[in-house]
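As a plain string of letters, each chain reads:
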Amino acid sequence: MLYNKDVRISTDEIEALGALYPSYRWWMVSGEIAPEIGQTSPEFDEANRNLTNPNAG
């Protein structure tokens, strides 16, 4: 996924995506992550997964 501040989506779309991906809700709204409260991004999760699995891609 690529975060682009120029792309606009509706609040209904944000609510639907937030329901599907609750841990990405803050990132979708603000572009920021807050891992200390469980709010991450796909890129953060991928990097973290690679750190915990040194043989990963």
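Residues numbered from 1 in each chain as written. Predicted model: local features only at pLDDT ≥ 70, side-chain atom pairs only at ≥ 80, totals over all residues. Heavy atoms only, no water.

A. Summary view of the pattern of salt bridges. Scanning the model with the defined rule gives one salt bridge in all. The salt bridge partner of Glu46 is Arg49, with a shortest N-O separation of 3.0 Å. On the criterion of helical spacing, the pair formed by Glu46 and Arg49 is a turn pair, its members being three residues apart in helix H3 (residues 42-52). Accessibility expressed as a relative area gives 37% for Glu46, which makes it partly exposed. (Salt bridge = Lys/Arg side-chain N within 4 Å of Asp/Glu carboxyl O. Helix = DSSP H or I, 4+ residues; strand = E, 2+ residues; numbered from the N terminus. Buried < 20%, exposed > 50% of the residue type's maximum accessible area, 1.4 Å probe, protein only.)

B. Fine view of the environment of Ile9. You can see Ile9 is positioned in the segment before helix H1 (11-20). Considered as a pair, Ile9 and Val29 are 20 residues apart in the sequence and their alpha carbons are 9.8 Å apart. Those residues within four positions of Ile9 in sequence are excluded, and the remaining contacts are Ile14 and Leu17. (Contact = heavy atoms within 4.5 Å.)

C. Local environment of the side chain of Thr40. Structurally, Thr40 can be placed in the loop between helix H2 (25-30) and H3. Setting aside residues no more than four positions away along its own chain, Thr40 makes contact with Ser23, Tyr24, Trp27, Ile33, Pro35 and Asp45.

D. Quick peek at a nonpolar patch on the surface. On the surface, a cluster of nonpolar side chains totalling about 470 Å² of accessible area is made up of Val7, Ile9, Leu17, Leu20 and Tyr21. Mapped onto the elements, Leu17 comes out in helix H1. (Patch = residues over 30% accessible without salt bridge, like charges linked within 9 Å, V, L, I, M, F, W, Y side chains within 5 Å. Areas by Shrake-Rupley, 256 points an atom, 1.4 Å probe, with all protein chains shown as cover.)

E. Structural view of the packing of aromatic side chains. Per the stated rule, a full pass over the model turns up two aromatic pairs. The interplanar angle of 20° and the centroid separation of 6.1 Å between the aromatic rings of Tyr21 and Tyr24 together place this pair among those described as stacked. The partly exposed category is assigned to Tyr21, whose relative accessible area is 40%. Between the aromatic rings of Tyr24 and Trp27, the centroid separation amounts to 6.3 Å while the plane-to-plane angle is 70°, which identifies the pairing as edge-to-face. Relative accessible area serves as the criterion here: at 16%, Tyr24 is assigned to the buried category. Through pairs of rings, three or more aromatic residues link up here, namely Tyr21, Tyr24 and Trp27. (Phe/Tyr/Trp six-rings, centres within 6.5 Å; stacked < 30°, edge-to-face > 60°.)

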